[in-house]
Amino acid sequence: QVQLVESGGGLVQAGGSLRLSCAVSGGTFATYTMGWFRQAPGKEREFVAAIRWNTGSTHSADSVRGRFTISRDNAKNTVYLQMNSLNSDDTAVYYCAGDRSFILHTTAPAYDYWGQGTQVTVSS
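1. Side note on the packing of aromatic side chains
So, step 1. In this structure the tally under the stated criterion is six aromatic pairs.
So, step 2. Ring centres of Tyr32 and Tyr113 lie 6.1 Å apart, and the angle between their planes is 5°; on these two criteria the pair is classed as stacked. Of this pair, Tyr32 sits in the loop between strand E3 (18-25) and strand E4 (33-39) while Tyr113 sits in strand E10 (residues 113-114), placing them 81 residues apart in sequence.
So, step 3. Connected via pairs of aromatic rings, a cluster forms that spans Phe37, Phe47, Tyr95, Tyr111 and Trp114.
So, step 4. Positioned over the ring face of Tyr95 is Arg45, at 3.8 Å from the centre of the ring.
So, step 5. Positioned above the aromatic ring of Trp114, the side-chain terminus of Arg45 is 4.8 Å from the ring centre.

Okay, structure coming up:
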């Protein structure tokens, strides 16, 4: 059973930083693509960033490019999202997701596995 467990969310002031972690277990992840999504109240789930586990290739949404960085630690089976220069628009529940493909998908339905989410709140 594949499990994704996020951590690292919290309350931060505008301009601050947070690092989210997603611990992955229960599967072989060498061929996976991992993604981060977020969902603010009343809004649809939004793509943030994705990474191919085997090559480290990444893709990020325009809204976070230059501020957020996705990375992975193969030895720890963990994916990270480093978030800098946070603003109030970044307030949302952040979800980690896994997909059994080599494609850096940007849509939520493409992903097979999901974590429970972690809340990020940016105060202005």
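Additional details are given in the paragraphs that follow.
2. So, the nonpolar core
So, step 1. If you look at the biggest cluster of nonpolar residues, it comprises 34 residues, and the most contacted ones within it are Met34, Trp36, Leu81, Met83 and Tyr94.
So, step 2. Residue assignment for this core shows that the elements contributing at least two residues are E3, E4, strand E5 (46-52), strand E7 (68-73), strand E8 (78-83), strand E9 (92-99) and strand E11 (118-123).
So, step 3. Sorting elements by how many residues they give to this core places E5 first, with five residues.
So, step 4. With residues up to four places along the chain from it excluded, the contact list for Met83 reads Gly16, Ser17, Leu18, Leu20, Arg67, Phe68, Tyr94 and Val120.

3. Quick look at the environment of Asp89
So, step 1. Considering the arrangement of structural elements, one finds Asp89 in the loop between E8 and E9.
So, step 2. Overall, Asp89 belongs to the exposed group, its relative accessible area being 64%.
So, step 3. With 64 residues separating them along the chain, Asp89 and Ser25 place their C-alpha atoms 31 Å apart.

4. Quick look at the sheet that holds strand E1 (residues 3-7)
So, step 1. Here we have four strands laid out as an open sheet, ordered E1-E3-E8-E7, and antiparallel in their pairing. The outermost strands of the open sheet, each flanked by one partner alone, are E1 and E7. Across the sheet, the mean angle separating the axes of adjacent strands is 15° when strand polarity is ignored.
So, step 2. Pairing of E3 with E8, which is carried by six bridges, proceeds in the antiparallel orientation. From the neighbouring strand, Ser21 faces E8, where its bridge partner is Tyr80.

Reading the values: rules and limits
- Residues numbered from 1 in each chain as written.
- Predicted model: local features only at pLDDT ≥ 70, side-chain atom pairs only at ≥ 80, totals over all residues.
- Heavy atoms only, no water.
- Phe/Tyr/Trp six-rings, centres within 6.5 Å; stacked < 30°, edge-to-face > 60°.
- Helix = DSSP H or I, 4+ residues; strand = E, 2+ residues; numbered from the N terminus.
- Lys NZ or Arg CZ within 6 Å of the ring centre and 35° of its normal.
- Core = buried A, V, L, I, M, F, W, Y, C linked by side-chain atoms within 4.5 Å.
- Buried < 20%, exposed > 50% of the residue type's maximum accessible area, 1.4 Å probe, protein only.
- Contact = heavy atoms within 4.5 Å.
- Pairing = 2+ DSSP bridges.
- Axes fitted to C-alpha atoms, helices over the stretch in contact; angles between N-to-C directions.

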